[in-house]
Protein chains: 2
Amino acid sequence: MLSKSNIKRITGLHQKKYRKQEELFVAEGIKVINELLESSFQLEAIYGVERDSLHIPEEKENTFEQITQAELKKISFLKTPQKALALFKIPTQVDSKHTGLTVLLDDVRDPGNLGTIIRLCDWFGVTSLICSAQTVDCYNPKVVQATMGSLSRITIVYTDITAYLEKEQRPVYGTFMDGDNIYASTLPEEAVIVMGNEANGISSAIAQLVTQKIAVPRFGQLQKTESLNVATATAICLSEFKRGYTIEK
Amino acid sequence: MLSKSNIKRITGLHQKKYRKQEELFVAEGIKVINELLESSFQLEAIYGVERDSLHIPEEKENTFEQITQAELKKISFLKTPQKALALFKIPTQVDSKHTGLTVLLDDVRDPGNLGTIIRLCDWFGVTSLICSAQTVDCYNPKVVQATMGSLSRITIVYTDITAYLEKEQRPVYGTFMDGDNIYASTLPEEAVIVMGNEANGISSAIAQLVTQKIAVPRFGQLQKTESLNVATATAICLSEFKRGYTIEK
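These remarks concern the structure in this document.

Reading the values: rules and limits
- Residues numbered from 1 in each chain as written.
- Chains lettered and ligands numbered in written order.
- Predicted model: local features only at pLDDT ≥ 70, side-chain atom pairs only at ≥ 80, totals over all residues.
- Heavy atoms only, no water.
- Pairing = 2+ DSSP bridges.
- Helix = DSSP H or I, 4+ residues; strand = E, 2+ residues; numbered from the N terminus.
- Axes fitted to C-alpha atoms, helices over the stretch in contact; angles between N-to-C directions.
- Contact = heavy atoms within 4.5 Å.
- Core = buried A, V, L, I, M, F, W, Y, C linked by side-chain atoms within 4.5 Å.
- Buried < 20%, exposed > 50% of the residue type's maximum accessible area, 1.4 Å probe, protein only.

1. Remarks on the sheet that holds strand S5 (residues 101-105) of chain A
All names here are of chain A. The parallel open sheet is built from six strands, whose spatial order is S7-S6-S5-S9-S8-S10. Unpaired on one side and paired on the other, strand S7 (155-159) and strand S10 (212-215) mark the two borders of the sheet. Sheet twist, expressed as the mean angle between neighbouring strand axes with direction ignored, is 35°. Direction of pairing for strand S6 (residues 128-132) relative to S7: parallel, over a ladder of five bridges. Looking across to S7, one finds that Ile130 is bridged to Val157. Strands S5, strand S8 (172-181), strand S9 (191-195) and S10 of the sheet are contacted by helix H9 (residues 230-242), whose axis makes an angle of about 160° with S9.

Given below as C-alpha cells:
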C-alpha cells in the first residue's frame, strides 16, 4: 500500500526543485528500468504491479514494493502507465577532463530534443555532454523516457558554459547560417560542438567563443525551410565528425 | 459567433475519418497559417481572435471569421491555443513520376517523427515522400504543426508501397543492422530510401524489395544503443546521399 506521503513525494519528482532536494529521479516501464538497473545508477525504490520481468539484483530485493494498477496510475507521469516505476539516485556531478568529441548545449529546452541528443551521443561514442544551466534537466521524466537507457552511458554536466568554453583548449565548432560548408570542412577527432536553443540558436555571448563556424547546406530550389530541428542538426554534425573514423565494417 | 455544428465539424477534423470525408485539415498559429497561405494549399476558412498579423489574400477575405479566445479554445487542438486556426483543403493525390531522391516510409507511426521527416525532405531538396497506408496521416494536426510549413513544398503520396517498389527502376536503399557501411558506399543521385517503423524497422515483405542494404555504423565502446530514432536516421541518410552534391558554398 502506498502511503499518501509517499505518493506526494514521488509525484513531486516531476519538478526539478524536488528532484534536486531529494536527489532522486523517476524511470518508468520495464525496459527503461531494466537498462538503468544494469548501469551504474543506484536504485532507491521500485514499484511494480508484477516483478517477474524486472531484473532487480538480489541485494536490492528489499527495494521492491508490489502495488496495484490503480496505485501506479497515481504516481505515474505517463498517459498510459507501464507496469513499473522506479526511483534512482541522481549521481553527483564529477569534474573530469573531457577528451575526444564533446557536445555542448546552449539552452536546449525541449525534453524530447535533449533525449534524442543523449541517444545520439551514445550512438556516436560521444561520452560527455555539457549543458547550460537553462538547458532542460536531463532527469526530467520525459527526457529519461526518451533516452531509452542511454542516460546511463553519457556523462552529463550542467555548468556555466561561458566559463567552460573560455578554458577550452580544443577547437569549438558551432552551426550558423553563414558558416563554412560542413561537408567541405576537415573535421578533427577532438572538438567541442555547440548546439543552440530551438528558437534562437546559439546566443551571441557563446557565438564569440566559437572558433569554427560551420553550416549544414540547404538543398532544393525553394530554399524556404527555416532551419533544421536541433536534434536532427546534431545527428548530421555528429555523423560528419565521425564518418572518417568508422570502427565497424 | 461559432455555431455548435461548426465547432463539432472543426473538432471532428482531429480524426482522419472526418478529414477524409470533409477533405479538410486544420492548421494553427499565425506562423504556420501564413506559410500555408503562401503555398498552393487552398484556404477554406480562417478563425482568428485578431486578423492583423494574418496574410489573408484579398479574394479570400470573406473566409475570415473573428472569434473570441474562449471560442478558439473550443476548436483548438493545442494545449495553449495560438491566435488563429485555419481550415485548408486536402489536395488531390497526384500520380506523377518521381525522380532524384524519394523517401519511402514503411509504417512510421509517430506524428512528431513524420513532421520532422517532412522538414528534412524539404531541407535536402527531396520533393517526393511515399507513405504506406499505415503511416500516420500527414494532415494529422500534430504533423501539420511539426512541419512548420514544409508540408506545402513536398509531394506526399499514400499508397501500396509493395506495388510502388515492385515497379521502381531506381535502386532501393534501406537501413539494416547488417547493411554495408553508409560512409563507405558510393551513393547515387537517383534512389529510393526506405525508412522503417519505430519499433519493428523495415517489414520483411519490404526488405525483400530493398536492393541495397546499408547501415549507419555505431561508435563508442559500449555498443549498447539499440537503434537510432527514425527521424535522426533519416537525417543522417539524407545528409550522406546529398553531401557530394552541395550547391551552396
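2. Some thoughts on the sheet that holds strand S10 (residues 212-215) of chain B
Residue and element names in this part refer to chain B. The parallel open sheet is built from six strands, whose spatial order is S7-S6-S5-S9-S8-S10. Of all strands in the sheet, those bounded by a partner on one side alone are strand S7 (155-159) and S10. Each neighbouring strand pair of the sheet contributes to a mean axis angle of 35°, computed without reference to strand direction. Across the sheet, helix H9 (residues 230-242) touches strand S5 (101-105), strand S8 (172-181), strand S9 (191-195) and S10, and the angle it forms with S9 is around 160°.

3. A few points about unusual backbone geometry
A positive phi is found at Glu23(A), a non-glycine position, where the angle reads about 55°. Here Glu23(A) is to be found in the loop between helix H2 (16-22) and strand S1 (24-28).

4. With respect to the nonpolar core
Judged by nonpolar contacts, the single largest core of 116 residues is most densely connected at Phe88(A), Leu129(A), Phe88(B) and Leu129(B). Excluding residues within four positions of it along the chain, Phe88(B) makes contact with Glu23(B), Leu24(B), Phe25(B), Ala27(B), Ile33(B), Leu36(B), Leu37(B), Phe41(B), Gln42(B), Leu43(B) and Glu44(B).

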